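A closer look at the structure
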Amino acid sequence: MAKLHFYYGVMSSSKSAMLGINAFNFNRTGNKWEAIKPTTDNRDSKTDIVSRVGIRTSARALQSLDKYTPKPDTQFILVDEVQFFSPKDIEKLATIADTTNITIFCYGLKVDSNGNLFPASAKLLAEADELHSMETVCEMPCCSAMASHHIRFDDKGNIIRGGSQVEVGASQYKSVCRKHFHELYDNPSAKLSAYIYERNLQKTK
Ligand SMILES: [Zn+2]
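These notes cover the structure that comes with them. Fair warning: this is a prediction, and the values are worked out from it, not measured in the lab.

**A short note on the pairing of strand E1 (residues 4-9)**
A large share of E1 lies buried, amounting to six of its six residues. Sheet topology places E1 next to strand E7 (residues 103-109); six bridges connect them, and they run parallel. In the strand pairing of E7, tyrosine 8 is matched with glycine 108. Bridging between E1 and strand E8 (residues 130-133) involves four bridges; their strand directions are parallel. When the bridges of E8 are listed, histidine 5 appears paired with glutamate 130.

**Remarks on helix H2 (residues 87-99)**
For H2, built from 13 residues, the straight-helix expectation of 18 Å at 1.5 Å per residue is met to within 8% by its first-to-last C-alpha distance of 18 Å. Considered for burial, the residues of H2 that qualify are Asp89, Ile90, Leu93, Ala94, Ile96 and Ala97. Along H2, the residues classed as buried sweep out an arc of 155 degrees about the axis, all on the same side. In this structure, H2 carries Lys88 and Thr99 as exposed residues pointing more than 90 degrees from its buried face.

Conventions adopted
Numbering of residues begins from 1 in every chain and follows the order in which that chain's sequence is written. Totals for whole chains, interfaces and linings use all residues, but because this is a predicted model, local features are given only for residues with pLDDT of at least 70 and pairs of side-chain atoms are given and counted only at 80 or more. Hydrogens and waters are ignored; side-chain quantities use all the structure's heavy atoms. When accessible area is computed with a 1.4 Å probe and restricted to protein chains, residues below 20% of their type maximum are described as buried, those above 50% as exposed, and intermediate ones as partly exposed. Segments assigned H or I by DSSP are reported as helices when at least four residues long, segments assigned E as strands when at least two residues long, and all are numbered from the N terminus. Strand pairing follows a simple DSSP-based rule, namely that at least 2 bridges must link the two strands. To estimate how far a helix should extend, the number of its residues minus one is multiplied by 1.5 Å. In this description, one arc is meant: the one made by directions from the helix axis to the C-beta atoms.

Listed below in structure tokens is the structure:
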């Protein structure tokens, strides 16, 4: 029986970069690995996993893991953007870990831009042998708390509530701490652009 790991964090917490570094090290040590990602993640490449710092890892893009079988000599499976798979897919990964010697590293977001767990991430929190928090700092000015949530906003700085779960790409999201998430998300008149502007003024006073 092998282990199922879940590395979770917000956007820009270097999850895909860490996946790429693992793949690089497996190549160096001669370990056999394969990487998979959901087809939803087609931002930079249909197949490769591309991290924001530019580390590129070749992968298979799959819609679901229903028919997925790892190659016979695989020792490690790396899964990127795991939140976009389904809870059933996570069960499949757990079964692979339980019935083979393949160690599985999953990387993904824990919560969406409404502060709710992704179904696949909830399943992983319940099933994974090891949970690893990938930390990065809140993107609000003057805040040094750890980011745990995402705020989604339009180009005028209006907070977007409800709707679909986090889409791929960070252009209209900020990774924020819990306090700032609730300050912005729970206040119907809060505007991200104004908030940052006011905070910047305070900073320069
Ligand atoms: Zn904060």
